[in-house]
Amino acid sequence: MTVDSPPAPVQLDTPARPRRIPPAVLLIAPSIVFMALLLGWPVIQGVLQAFRGDEGFTLDYITRMVEDPYFWPAVRNTLLLIAVMIPLQFVFAITMALLLRSNPRLNKVHFFVWAIPLALSDLAAGLVWLSIFNDRGYLNSVLTSLGLDSIPWLAYDNPATLFLCVLVAEVWRSTSLVLVIVVSGLQGIPKDYDEAAQVFGATFWQRLRHVTLPLLKPSLQVALILRTILAFQTFAVAQALTGQNFPLVVGETYRWYTALQNPNVAAALALVILVASMLISVFYLRALRDKGQEGTR
Amino acid sequence: MTTTQMKPLAPQPEVDTSPLKRLRRDRALLQAACIVISLFMLVPIYLISLAALSTRESLNDFPLSLLPTNLSFETLGAFLGSTGILGAFGNSLIVGIGTLLISALIGIPAGYALARFAFPAKEPYQLFLLFTRALPIVVLSVPLARLFLTVDLYDTTYAVILLHTALALPTTILISASVFLSVPIDVEEAARVFGCTPAGAFLKVVMPMALPGLAAASIFTFVMSWNEVLGASILTLDHRTLPAQVLTSLADSPLAYRFAGGFALVIPSIIFIAFMRRYLTNMWGSTIR
Amino acid sequence: MKNTPPQLLQRSVSRRSALLGGIGAALSGPFLASCAGFDTSGASATKGTVGFLSTQFTPVEEKQRYEDVLKKTLNVPVAYNSVDPGVFTSTVQTQSQAGSVRTALLGGLHGDLAPLADSLEDVDQLLNDLSASGYNREILELTKVGGSTSKYVPWMQATYVVAVNKKALQWLPNGVDVNDLTYEDFLKWAQAAKKGAGRPVFGLPAGPKGLHHRFYQGFLLPSFTGGQITTFRNEDAVTAWEYMRDLWDASAPASTNFDAMQEPLARGEVLVAWDHVARLIDAPADNPDEWLMVPSPRGPKGRGYMLIVAGVALPKNGLERDRAEQAIRGLAKPKTQIETLRSNAFFPVVQTELPTDLAGAIALEAAAVKLQQESADARLALPPVGLGAKEGEVSQIFKNCFQEICLNGSAVQSTLDDQAKQLNTILKDLDVPCWAPDPVSPGQKCEVA
């Protein structure tokens, strides 16, 4: 019951006049030139900082980074957060998108509401959730007025609730990014496919597994890559909620750069993020490679 | 969801209503699920609005009131009245729209190429785009500011537009590529058969169908630019964008001001999303294809 | 799709593109007209405005109040632009490296300015002209940031005191004078309050932006050991950190989220807290009668206290040099200094009589600051001198000690030994003499004994 993956890219060549520069190059060249001109030199400078000491090449900063008491907790927290958060967000986002597609009452209003967290900067989002979770915040206010004891959600000696709070806040803040990509991807999938499968007696799960998800693959791939890379980059929410008690690698980068004024170690930390992000992106690109790319239609 | 299971026909002309009941129950569950999710999304927004419009004293109470009993525009007013807020608002609009236009201009063709053409360097190209986004830009502060000082664009909105475009391009290109992938190639071929030039076919046939995805990409671009603090504050001095002007100051401000600032900043991006949402879902349930 | 007549499709598209085009045209008007952007600091409003970049008074309200002070007291127009210290440092550094300085005046804490010494003009001549102002000798020594010439003019000063909500006085141990606490009394009080209130009500600014490292550097350790660096891991230091562990046990655990204590104090979440005067000022603002401000406690080696100095500096090759110098002279006038105290709770650095009609909260602080500085066994501690960009890392060492000993429950001596090793690694490269309260001997390298 598998439907072939979406329209495969096919060489659309102009048969009239053969050109020397292929059109693809012309189309992507501006972006390459732009990025290289603007970021090329700063990126090289930035990355080199991690290895440039007084007497040329040095690994001192890498050692310094690894020996810092916050480094390994930060690595562990970052990986833990990403490993738990990303699957959760995709389940939520896909569920939400399917709910919308089934055309509930007020679906436009619902969709708008679900996209609103996108508009919030991570600083503001951290502030909102801090007002909810802090010892005298809204959540404990509700608990108290119900006659229950308030709970120190953000106490440093309570790592489980600490993690939970960061997770809830991050899921709230950034699921809408995945949702919007998935919704825009779903727009392109004709309902006929789904209806056809229905006529043939496929259950909901079968249709999801064999029709909808495969057709959504390009969108999901992009959403996964972007969401993961952005997840490595954000720390304002975790910092607002937990201070230094739940360090993340990118938060450490900022701390070393601004508070400790050591751009070298900051650059080393940035490299860790860069390498991790790139490895995961390569993995996603390969694992979710569009099989239709090789095939013909 | 509907069920398609066929029940053996009963001998009597009695109608089996269970599928219908089930359908109704499913619809009700669906509505309920939507409402629960909306509540989860709205409650924090409600709380920030409530806090922004409360008096400073009432924020110190415990337990906090969940109802708007102490409304006041004092903190919001003070926030909106501070030096340079209007100018910063204008700068943010310029930067947001400028970033939107340039990144669309550069990004959409590249996304189209990524979707439609098979070229060998496809994966390296994608990784190249992501590479620039995967490095925390804080470590680029000094070299970036130096670059713009050298070319004499420092402290202008142009500098911020250029930086934000660079930050938004990966998103724009990858999302638009995923959208173009889902536009069937036969539509384009059909348009060509009807006599369109490649560019014409792209503009008149492919673009409208890809609009939802392009709207999504533009939402990300605008919102990213609207909320970006670090780049804007290292590249400008007297021509700040709104977040660079206020977000850093918020971190040290009393709680009431932080809420007021967070609230005031979020309104424009919510309006923008409301506006773009129409393009994003303009094809729901349409059977145009 | 194939069933749709092509004309229909085209018509709908052209309508949409006309609409989009219209919007684009409407938006591009203001876009092009405004060119490089709108002015947000007032710097380009009038020619000859002094662009004043500073790390102080970033909160909206404080900034507005300070702009008023400047307008009222200076005779040159100043555009006051406050940024956070990270942005401040990279802005000044890049501009000076690129040889294109866009500021006229820089203001910051000693620790913000010291790392930028190379980009700052010498101000000895200016300080000489202003010598009648009566700057404190220790402060003048600080302005040299470890070199031989002064790099900034003292701007204002601050210190740290303890804010007390009068509700907490019910648990104050018998016979103890709240204005003359010992560390022992302070701990007993915290423990009694925790018991009496049913929850810990003493707090510490141990959040990510909190200044608790200054408590260890300038208050706890000098009071227990008489030093800051040299005595970092001796027996007295072990006693001090064991004390700290007990104090933490009696303090609110939510302290690890507190950046400025005035908020938890105003909320009533915490009743007694030590912090920077400017970060306590809002707590008693509305009801000063319910509050006390008292000097920090004293220990076996005296009443250690730290002085925080902010300075104004001239960037090398800065804009509007004459007017910037004029602004500095204006800032040094007693009137400006007093106005700054009234509006933003930073104390004068020049010799002047404090007025008697200060607002409630500031009057409370002024009294506590005076008591603290003039107490018989006062032991002055300075923020690290001459460390430049390494200051943040040195402060981090003290925060690490807190993290390890109080939060993670590590053994005190071994933690201090580990951190002392790191501290010495940083100090070894710097090769600077010690600063108060450690014995200051020029030419001798500061290190942990």
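Cut-off values and rules
Residues numbered from 1 in each chain as written. Chains lettered and ligands numbered in written order. Predicted model: local features only at pLDDT ≥ 70, side-chain atom pairs only at ≥ 80, totals over all residues. UniProt positions renumbered as here; feature names shortened; annotations may be inferred. Helix = DSSP H or I, 4+ residues; strand = E, 2+ residues; numbered from the N terminus. Buried ≥ 20, exposed ≤ 12 C-beta atoms within 10 Å, placed from the backbone. Contact = placed C-beta atoms within 7 Å. Pairing = 2+ DSSP bridges. Core = buried A, V, L, I, M, F, W, Y, C linked by C-beta atoms within 7 Å. Axes fitted to C-alpha atoms, helices over the stretch in contact; angles between N-to-C directions. Parallel < 35°, antiparallel > 145°, perpendicular 65-115°, else oblique. Nonpolar A, V, L, I, M, F, W, Y, C, P; charged D, E, K, R; others polar. Expected span 1.5 Å × (residues − 1). Domains from an automatic or database assignment.

- Labelled according to an unreviewed UniProt entry, chain A appears under the name Inositol transport system permease protein, originating from uncultured Arthrobacter sp.
- UniProt, in its Subcellular location (unreviewed entry) section for chain A, records the words "Cell membrane".
- UniProt lists a comment for chain A under the heading Sequence similarities (unreviewed entry), and it reads "Belongs to the binding-protein-dependent transport system permease family."

## Thoughts on the overall build of chain A
Turning to step 1, where the next piece is worked out: When helices and strands are tallied, chain A shows 12 helices and 2 strands.
Turning to step 2, where the next piece is worked out: From first element to last, N terminus to C terminus, chain A shows the α and β order α-β-β-α-α-α-α-α-α-α-α-α-α-α.
Turning to step 3, where the next piece is worked out: The principal-axis extent of the C-alpha atoms belonging to chain A is close to 65 × 60 × 30 Å.
Turning to step 4, where the next piece is worked out: Per-residue burial over chain A gives 49% buried out of 297 residues.
Turning to step 5, where the next piece is worked out: Taking contacts inside chain A between residues at least 6 apart in sequence as the whole, the part at least 24 apart equals 73%.

## Topic: the overall build of chain C
Turning to step 1, where the next piece is worked out: Check the secondary structure of chain C and you find 15 helices and 11 strands.
Turning to step 2, where the next piece is worked out: Principal-axis analysis of the C-alpha atoms places the extent of chain C at approximately 90 × 65 × 50 Å.
Turning to step 3, where the next piece is worked out: The buried share of chain C, reckoned over its 449 residues, is 53%.
Turning to step 4, where the next piece is worked out: Residue pairs at least 24 apart in sequence account for 77% of intrachain contacts in chain C once pairs closer than 6 positions are excluded.

## Looking at the pairing of strand β3 (residues 105-109) of chain C
Each regular strand shows side chains that alternate between the opposite faces of the sheet.
Residues and elements named next belong to chain C.
Turning to step 1, where the next piece is worked out: Burial analysis of β3 places 5 of its 5 residues in the buried class, the great majority of the element.
Turning to step 2, where the next piece is worked out: Looking at chain direction, strand β1 (residues 50-54) and β3 are connected through 3 bridges and run parallel. By the bridge assignment, Leu-53 is partnered in β3 with Leu-106.

## Concerning the nonpolar core
Turning to step 1, where the next piece is worked out: With 307 residues, the main nonpolar core has A:Val182 and A:Leu241 as its most contacted residues.
Turning to step 2, where the next piece is worked out: For this core, the leading source of residues is helix α6 (residues 157-182) of chain B, giving 17 residues.

## Re the sheet that holds strand β10 (residues 308-313) of chain C
Residues and elements named next belong to chain C.
Turning to step 1, where the next piece is worked out: The strand order across the open sheet built from 5 strands is β2-β1-β3-β10-β4, with neighbouring strands paired in mixed fashion. One side of each edge strand has no neighbouring strand; the edge strands of this open sheet are β2 (78-82) and β4 (153-158). Ignoring strand direction, the axes of neighbouring strands in this sheet form an average angle of 20°.
Turning to step 2, where the next piece is worked out: The pairing of β1 with β2 spans 5 bridges and is classified as parallel. By the bridge assignment, Phe-52 is partnered in β2 with Tyr-80.
Turning to step 3, where the next piece is worked out: Here helix α11 (residues 321-331) sits on the sheet and contacts β1, β2, β3, β4 and β10; the angle it forms with β1, its principal contact strand, is near 60°.

## Regarding the pairing of strand β7 (residues 272-276) of chain C
All names here are of chain C.
Turning to step 1, where the next piece is worked out: Where burial is concerned, most of β7 is hidden: 5 out of the 5 residues are buried.
Turning to step 2, where the next piece is worked out: Of the pairings in the sheet, the one linking strand β5 (residues 160-165) to β7 comprises 5 bridges and is antiparallel in character. Bridge pairing links Tyr-160 to His-276 in β7.
Turning to step 3, where the next piece is worked out: Taken together, the 2 bridges between strand β6 (residues 202-203) and β7 define a ladder with parallel strand orientation. Note on β7: the bridge partner recorded for Gly-203 is Ala-273.

## So, the packing of helix α8 (residues 198-227) of chain B against helix α11 (residues 255-280) of chain B
All names here are of chain B.
Turning to step 1, where the next piece is worked out: At a minimum axis distance of 8 Å, the contact between α8 and α11 shows a crossing angle of 170°. Relative to α11, the element α8 lies roughly antiparallel. Across from Leu-211, Pro-212, Ala-215, Ala-216, Ser-218, Ile-219, Phe-222, Val-223 and Trp-226 in α8, the residues of α11 making contact are Pro-268, Ser-269, Phe-272, Ile-273, Met-276, Tyr-279 and Leu-280.
Turning to step 2, where the next piece is worked out: In the contact of α8 with α11, the residues fall into 14 nonpolar, 2 polar and no charged.

## Topic: the interface of chain B and chain A
Turning to step 1, where the next piece is worked out: The interface is formed by 86 residues belonging to chain B together with 92 residues belonging to chain A.
Turning to step 2, where the next piece is worked out: Secondary-structure elements contributing two or more residues to the side of chain B that touches chain A are α1 (18-52), α3 (85-116), α4 (122-134), α5 (141-150), α6, α8, α10 (242-252) and α11 of chain B.
Turning to step 3, where the next piece is worked out: Counting residues per element, the side of chain B that touches chain A draws most heavily on α1(B), at 13 residues.
Turning to step 4, where the next piece is worked out: A per-class count over the side of chain B that touches chain A returns 64 nonpolar, 16 polar and 6 charged.

## Here we look at helix α2 (residues 60-73) of chain C
Turning to step 1, where the next piece is worked out: If you check α2(C), its first and last C-alpha atoms are 20 Å apart, about what 14 residues at 1.5 Å a residue would give, namely 20 Å.
Turning to step 2, where the next piece is worked out: Listed in full, the buried residues belonging to α2(C) are C:Val60, C:Glu61, C:Glu62, C:Lys63, C:Tyr66, C:Glu67, C:Val69 and C:Leu70.

## Structural notes on the domain arrangement of chain C
All names here are of chain C.
Turning to step 1, where the next piece is worked out: Assigned domains within chain C: domain 1 (50-157 + 308-353) and domain 2 (160-306 + 378-430).
Turning to step 2, where the next piece is worked out: Its C-alpha centre places domain 1 at a distance of 29 Å from the equivalent point of domain 2.
Turning to step 3, where the next piece is worked out: Contacts between the two partners involve 12 residues from domain 1, matched on the other side by 12 residues from domain 2.
Turning to step 4, where the next piece is worked out: Breaking the side of domain 1 that touches domain 2 down by element, the ones donating at least two residues are α4 (110-113) and α6 (137-142).
Turning to step 5, where the next piece is worked out: For the side of domain 1 that touches domain 2, the residue count by class is 7 nonpolar, 4 polar and 1 charged.

## Overview of the environment of C:Gly134
All names here are of chain C.
Turning to step 1, where the next piece is worked out: For Gly-134, the location among the structural elements is in the loop between α5 (124-129) and α6.
Turning to step 2, where the next piece is worked out: Overall, Gly-134 belongs to the exposed group, with 11 C-beta atoms counted inside 10 Å.
Turning to step 3, where the next piece is worked out: Remark: the alpha-carbon pair of Gly-134 and Gln-351, spanning 217 residues in sequence, is separated by 5.1 Å.
Turning to step 4, where the next piece is worked out: Apart from residues lying up to four places away in sequence, Gly-134 is in contact with Val-350 and Gln-351.

## A short note on the interface of chain C and chain A
Turning to step 1, where the next piece is worked out: At the interface, 19 residues of chain C touch 19 residues of chain A.
Turning to step 2, where the next piece is worked out: Of all the elements in the fold, those that place two or more residues in the side of chain C that touches chain A are α3 (85-97) and α14 (391-407) of chain C.
Turning to step 3, where the next piece is worked out: It is α14(C) that provides the largest number of residues to the side of chain C that touches chain A, a total of 6 residues.
Turning to step 4, where the next piece is worked out: Here the residues of the side of chain C that touches chain A are counted per class, giving 7 nonpolar, 9 polar and 3 charged.

## Re helix α8 (residues 212-225) of chain C
Turning to step 1, where the next piece is worked out: Of all 14 residues in α8(C), 14 are buried, a share of seventy percent or more.
Turning to step 2, where the next piece is worked out: At the exit of α8(C) stands C:Gly226, carrying a positive phi of roughly 80°.

## So, the UniProt feature "transmembrane region" (unreviewed entry) in chain A
All names here are of chain A.
Turning to step 1, where the next piece is worked out: Here, UniProt's "transmembrane region" (unreviewed entry) annotation points to residues 24-44, 79-99, 111-132, 160-183, 224-246 and 266-287.
Turning to step 2, where the next piece is worked out: In residues 111-132, helix accounts for 73% and strand for 0%; the two terminal C-alpha atoms are 24 Å from one another.
Turning to step 3, where the next piece is worked out: The distance separating the terminal C-alpha atoms of residues 160-183 is 33 Å; by composition the span is 100% helix and 0% strand.

## Focus on the sheet that holds β7(C)
Residue and element names in this part refer to chain C.
Turning to step 1, where the next piece is worked out: Strand order in the open sheet formed by 4 strands is β6-β7-β5-β8, and the pairing between neighbours is mixed. The open sheet has two edge strands with one neighbour each: β6 and β8 (291-294).
Turning to step 2, where the next piece is worked out: With respect to the sheet, helix α13 (residues 360-374) is in contact with β5 and β8, its orientation differing from that of β8 by roughly 25°.

## Re unusual backbone geometry
Turning to step 1, where the next piece is worked out: Looking along the chain, the bond that leaves B:Phe62 and enters B:Pro63 is cis, with omega of -5°.
Turning to step 2, where the next piece is worked out: Within the fold, B:Pro63 resides in the loop between α1 and α2 (74-80).
Turning to step 3, where the next piece is worked out: Backbone torsion omega between C:Ala436 and C:Pro437 reads 10°, so that peptide bond is classified as cis.
Turning to step 4, where the next piece is worked out: Within the secondary structure, C:Pro437 is located in the segment after α15 (412-430).

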